[in-house]
Amino acid sequence: MMQPDRPVGLIGYGVYIPRYRIAANEIARIWTDGQSGAPIEAKSVPGPDEDTVTISIEAARNALARSGIRAEQLNAIWIGSESHPYSVKPSGTIVAEALGTTPWISAADWEFACKAGSEALTAGMGMVGSRMAEYVLSIGADTAQGRPGDALEYTASAGAAAFILGPADECLAQIEATVSYVTDTPDFFRRADRPYPVHGNRFTGEPAYFHQIQSSVKRLMHELDRQPQDYTYAILHQPNAKFPQAAAKRLGFTPEQLAPGLLSPKIGNTYSAAALSGLCAALDVAQPGDSILVASYGSGAGSDAYSFVVNEKILERRHLAPLTSVYLERKTFVDYAVYVKWRGKLVMG
Amino acid sequence: MDIAKHWRQRATRYRMQGQRHRETGEIRFPARPSALCEDPAVWEPYILSGRGEIYSFTVLRQSADGFVDLTPYPLAMVRLNEGPLVVAQLTDCEEAELSIGQPVEMVTRRLKDTGEDGVLVYGYKFRPVLS
Amino acid sequence: MKPVYIVGAHATSVAEHYEFSLADLALEALRGAFKMVTPALEPERIGAIYVANAFGEALVGQANLGAALASAAGLSGIDALRVEAAGASGGLALRQAAMAVICGTYDLVAVLGAEKVTDKLEDRMEAAQMLSIDSDTEADIGATLTSQWALLMRRYMHEYGYEAADFAPFPINAHSNGKHNREALYRFSITAEKYLKAPQIASPLNMLDCSSLGDGAAVVLVASERLARELTSPRVRIGGSGLSTDTAALYQRRDPLLLNAARQSAATAMQQAGVVHADIDVLEFTDPHSIAAALALEASRFVDRGAAPRHAADGGITVSGATPIATAGGYKARGDVGGANGVYQLVELVRQLQGNAGAAQVPNARVAFAQCLGGVGSTAISHILLAE
């Protein structure tokens, strides 16, 4: 279990989900004549002018608005994503410039499949907890791509979640502790210079997602001496609708604990933002004194688990930026043709 | 490949940094050189709120190089709350939703992809206010 | 304004001249203009060639057009230069030529508007036209020249309570006149019904309210009084010339619906010529879209602000109206020839003042007004031509 010397918490949070959706049955219409079961109802689709940088900027602006600090007070900006627009050249500097935090700030991009964002969060805890920094902006954001026709195409979606970490006495939710659990498990990967990731089908289940997530959550609860019923809400990485519900059941969480943060049926798998946007949705409805357990999962593989306790500052800050529900309700469905055009799957010659 | 041309405008494009007149308080966007008859330091940097309303709009069905992937796309003149007019693309909206006088807010989006071996250009666009 | 004359004028057809180069077109126009002059002038009497061209670099891949076209004409050694102010290049070249002649530098200047656009495909043409608007804050963010006019049209409709259909009389008039012009790109009529059904290009501008670029060259020969009096062929006097500029970026204007440069240049030209609006018999404007013609008519004070579409609906812009415009088809039917447009306007007005305009002749035209704009009116040049 990892805990900082100085207590650390979230002083601001912000989410972003693109306006567009494609229904899973629209994708099924193209590839299986509509005859396949859909892992979710719909997934979010980034607009033609959106990428990991732009969705990070909006989530970060929302987090800043809730934090009450000025952009130039940030000491680091870290973005976790598997879909950075450049392979070499940081997304972080673009986002930092947009927020107006440059030049005296640390910036870098993180990669660990779907848990790149939570790695940035853990690192931010360390920076603030060690007093090397007062405020760190940690972002998980993705505009993920699945190979046309692949199972991933039904779920790989887009979203961003941003958090400003700071001293616990300024926070709206304190991070009690975190654990990280990693093993070398190649359940899903994308080789350098390849456009689409590949996955090991059922191998992504037991030895990968379930093993890592169950390990991290059990360890964290054990070390904190907690039981599942001690938490108001539980958020588990959500690559589809089924996995987090199955894992929650095995771990002893109820559907009610899971529901507020379970966004994947409506927007798909937002990868680095999946667990973290669930956390934002839970913070949107949490009351002072509520506790939240969050576990990310990243292929390759590993899981970070966190324990949060919400305080009264949530009440005054949550309305300083759009709630997750605003983005969830703002939705315009596109058909497969528009989706293909926007996602760069058309051969333009 | 245009690098410096776009880089130079990052404050203008990413966060709508304009200028305020130190004496009159007038705000303008984007920044430009002080006039020949003015004190060169009379305009100071100022970040605009990014809020305004549609002054006029159009939807382009014929576009130029660099914007073909986006076509059709809406373009507007926006009257910013601080006074200046600006020309910008609208995003996350359809033509039927738009009207003159409608409140809009700035978002930072990808303006242009200058090619596989070129830079990505980011900048301000506007969308109907979220809620 | 001291006396200075146009003693010859000729234009090639506006077309997709795939088989002809810029030089081919320039030579045809030059030859035609000199043919109008009697007694014939020796080529060595030409003091200079002023080339009006907007798209040489972007669409032909050729700059240094003064030398390039002078040598194509076999006149190497002559003074030759290129004048550029986007769509206002032609008017500006005439102004510069007239001033040089008035100064006594030359007795004769050939003003050569030449544009070759069809060597490139449409996307490059649109990009070339975008060069006339502000690069950093307009073209780079996806605005095109056409979209700028569309923004003005929508605002105009909003402020003055018009529908898009109210602009139909402008292209209908242009096509009605253009079908009689052998040099026009489009020689057919259009109807209000067709206008209403045309697909949108940049809403509310539709396809029948957008001009098409074409290849072409036009020449006017500008002569001193001394030389003009040697000639027995007819001439036209340049009575006044006004040049003015406005912000390059449309959004920087306090009142975007007022084309300030057009207003100022028109006033200057009329004042120099000692004419008033009522004296003017026939007009040429930069009219790639109805809204451009409407705003230019209003800026130049031929009609009140907000009244141009009503004026057009009442027949005011037809050959028999109070302000006949686009008598050769305008940009819409004659074709948009980029930097050569200003010279095409002059060729048409010379015909009108000499009674050679055929079916679109304005009866007894004595005073003509030409105005061309660069960008969305960021450069404006107006001229008054007087029948002799």
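All figures in this text were calculated on a predicted structure; none of them were measured in a lab.

Some words on the nonpolar core
In terms of nonpolar packing, the biggest core is built from 151 residues, with L10, L283, I292 and F308 of chain A together with W149 and I384 of chain C touching the most fellow members. If we skip the residues at most four places from it in the chain, L10 of chain A touches L121, F163, I164, L165, C171, L172, A173, I175, L279, L283 and F308 of chain A. The next biggest cluster of nonpolar side chains, apart from the first, holds 47 residues, and it includes A11, V14, V319 and V347 of chain C.

Details of the interface of chain A and chain B
Counting residues at the interface gives 25 residues for chain A and 24 residues for chain B. Buried area between chain A and chain B, summed over both chains or domains, comes out near 2100 Å², and the portion from carbon and sulfur atoms is 50%. Interface area lost by chain A to chain B is led by R19, D49 and E97 of chain A, which between them contribute 27%. When the shortest N-O distance is used, the salt bridge between D49 of chain A and R109 of chain B registers 3.1 Å. In this structure, the connection of chain A to chain B is made through 19 residue pairs in polar contact (both at pLDDT 80 or more). Breaking the side of chain A that touches chain B down by element, the ones donating at least two residues are helix 2 (52-67), helix 3 (91-99) and helix 11 (324-329) of chain A. With 5 residues, helix 2 of chain A is the largest single contributor of residues to the side of chain A that touches chain B.

Section: the interface of chain B and chain C
Facing 35 residues of chain B, the contacting portion of chain C comprises 34 residues. Applying the counting rule to chain B against chain C returns 5 salt bridges. Across the pair D140 of chain C and R13 of chain B runs a salt bridge, and its minimum N-O distance is 3.2 Å. On inspection of chain B and its partner chain C, the count reaches 18 residue pairs in polar contact (both at pLDDT 80 or more). Taken together, the elements giving at least two residues each to the side of chain B that touches chain C come down to helix 1 (4-7), strand 4 (51-60), strand 5 (73-80), strand 6 (85-89) and strand 7 (103-113) of chain B. Here the side of chain B that touches chain C gets 6 residues from one element, more than from any other, and that element is strand 4 of chain B. By residue class, the composition of the side of chain B that touches chain C is 19 nonpolar, 7 polar and 9 charged.

Section: the arrangement of the chains
The pair of protein chains exhibiting the most contacts, out of 2 pairs of chains in contact, is chains B and C. At no point do chain A and chain C touch; the closest pair of C-alpha atoms across them sits 12 Å apart.

So, the environment of A63 of chain A
Residues and elements named next belong to chain A. Mapped onto the secondary structure, A63 falls in helix 2. In this structure A63 comes out as buried when scored by relative accessible area, which is 0%. A C-alpha to C-alpha distance of 33 Å links A63 and R194, two positions 131 residues apart in sequence. With near-sequence residues (within four places) excluded, A63 lies in contact with G12, Y13, G14, A162 and I164.

Some remarks on the sheet that holds strand 2 (residues 27-28) of chain B
Residues and elements named next belong to chain B. A sheet is described by the order of its strands in space; here 3 strands give the open sequence 2-1-3, paired in antiparallel fashion. Every other strand in the sheet has two partners, leaving strand 2 and strand 3 (43-47) as the edge strands with one partner each. In this sheet, strand 3 lies alongside strand 1 (residues 17-21) in antiparallel orientation, the contact comprising 5 bridges. By the bridge assignment for strand 3, G18 is matched with Y46.

Focus: the packing of aromatic side chains
Residue and element names in this part refer to chain A. By the definition in use, this model includes 22 aromatic pairs over all chains. A ring pair is formed by W31 and Y336, whose centres lie 6.4 Å apart and whose planes are at 80°; its orientation type is edge-to-face. With W31 in helix 1 (residues 24-31) and Y336 in helix 12 (residues 336-342), this pair connects stretches of sequence that are 305 residues apart. The partly exposed category is assigned to W31, whose relative accessible area is 40%. For Y336, a relative accessible area of 8% gives the class buried.

Some thoughts on a negative patch on the surface
Residues D69, D113, E116 and D117 of chain B make up a contiguous surface patch of negative charge. With respect to the helices, strands and loops of the structure, D117 of chain B is situated in the loop between strand 7 and strand 8 (120-128).

So, a nonpolar patch on the surface
Residues L346 and M348 of chain A together with V68 of chain B make up a contiguous nonpolar surface patch of about 290 Å² in total accessible area. Relative to the elements of secondary structure, M348 of chain A occurs in the segment after helix 12. You can call M348 of chain A exposed: its relative accessible area is 54%.

Some remarks on the pattern of salt bridges
A full pass over the atoms with the stated rule returns 43 salt bridges over all chains. With a shortest N-O distance of 3.0 Å, R51 of chain B and E105 of chain B are connected by a salt bridge. In this pair, R51 of chain B is assigned in strand 4 and E105 of chain B in strand 7, connecting sequence segments 54 residues apart. You can call R51 of chain B partly exposed: its relative accessible area is 40%. Exposure remark for E105 of chain B: the relative accessible area of 10% places this residue in the buried category. A salt bridge links E183 of chain C to R351 of chain C, with the nearest nitrogen and oxygen atoms 3.0 Å apart. Of the two residues, E183 of chain C is situated in the loop between helix 7 (169-178) and helix 8 (192-197) and R351 of chain C in helix 14 (residues 341-353); the sequence distance between them amounts to 168 residues.

Here we look at the sheet that holds strand 4 (residues 76-80) of chain A
Residues and elements named next belong to chain A. Pairing is mixed in the open sheet, where 9 strands are placed in the order 5-4-6-7-1-8-13-12-11. Two strands in the sheet have a free side with no partner beyond their single neighbour: strand 5 (106-110) and strand 11 (233-236). Strand-to-strand, the axes of this sheet are offset by a mean angle of 20°, without reference to chain direction. Sheet topology places strand 1 (residues 8-16) next to strand 7 (residues 158-167); 8 bridges connect them, and they run antiparallel. When the sheet's bridge partners are listed, Y13 is paired in strand 7 with F163. Against the sheet, helix 9 (residues 274-285) contacts strand 1, strand 6 (136-143), strand 7, strand 8 (173-185), strand 11, strand 12 (291-295) and strand 13 (300-310), and its axis sits at roughly 100° relative to strand 1.

Side note on unusual backbone geometry
Residues and elements named next belong to chain A. Omega for the bond connecting T102 with P103 falls within 30 degrees of zero, at 5°, which places this linkage in the cis form. Within the secondary structure, P103 sits in the loop between helix 3 and strand 5. Positive phi is not limited to glycine here, since R131 has a value of about 70°. With respect to the element layout, R131 can be found in the loop between helix 4 (116-129) and strand 6. For R131, a relative accessible area of 60% puts it in the exposed group. At Y271, a position not held by glycine, the phi torsion is positive, near 55°. Topologically, Y271 is positioned in the loop between helix 8 (264-267) and helix 9. We classify Y271 as buried; its relative accessible area is 1%.

Considerations on the domain arrangement of chain C
All names here are of chain C. Domain annotation for chain C reports domain 1 (4-121 + 216-237) and domain 2 (142-208 + 238-387). Computed over C-alpha atoms, the centres of domain 1 and domain 2 are 23 Å apart. Listed per partner, the contact involves 39 residues of domain 1 and 34 residues of domain 2. Of the roughly 2700 Å² buried where domain 1 meets domain 2, counting both sides, 70% is carbon and sulfur surface. When the area that domain 1 buries against domain 2 is broken down by residue, the three leading residues are V14, R95 and R237, summing to 25%. Inspection of the region where domain 1 meets domain 2 yields 0 salt bridges. For the interface between domain 1 and domain 2, the tally reads 10 residue pairs in polar contact (both at pLDDT 80 or more). Among the elements of the structure, strand 1 (4-11), helix 4 (89-102), strand 4 (108-115), strand 7 (216-224) and strand 8 (236-245) are those that each provide at least two residues to the side of domain 1 that touches domain 2.

The rules behind these values
Residues numbered from 1 in each chain as written. Chains lettered and ligands numbered in written order. Predicted model: local features only at pLDDT ≥ 70, side-chain atom pairs only at ≥ 80, totals over all residues. Heavy atoms only, no water. Core = buried A, V, L, I, M, F, W, Y, C linked by side-chain atoms within 4.5 Å. Buried < 20%, exposed > 50% of the residue type's maximum accessible area, 1.4 Å probe, protein only. Contact = heavy atoms within 4.5 Å. Buried area = accessible area lost by both parts, 1.4 Å probe. Salt bridge = Lys/Arg side-chain N within 4 Å of Asp/Glu carboxyl O. Polar contact = N/O pair within 3.5 Å; in protein donor to acceptor, adjacent residues only side chain to side chain. Helix = DSSP H or I, 4+ residues; strand = E, 2+ residues; numbered from the N terminus. Nonpolar A, V, L, I, M, F, W, Y, C, P; charged D, E, K, R; others polar. Pairing = 2+ DSSP bridges. Phe/Tyr/Trp six-rings, centres within 6.5 Å; stacked < 30°, edge-to-face > 60°. Patch = residues over 30% accessible without salt bridge, like charges linked within 9 Å, V, L, I, M, F, W, Y side chains within 5 Å. Areas by Shrake-Rupley, 256 points an atom, 1.4 Å probe, with all protein chains shown as cover. Lys, Arg positive; Asp, Glu negative; His and termini not counted. Charge placed at Lys NZ, Arg CZ, Asp CG, Glu CD. Axes fitted to C-alpha atoms, helices over the stretch in contact; angles between N-to-C directions. Domains from an automatic or database assignment.

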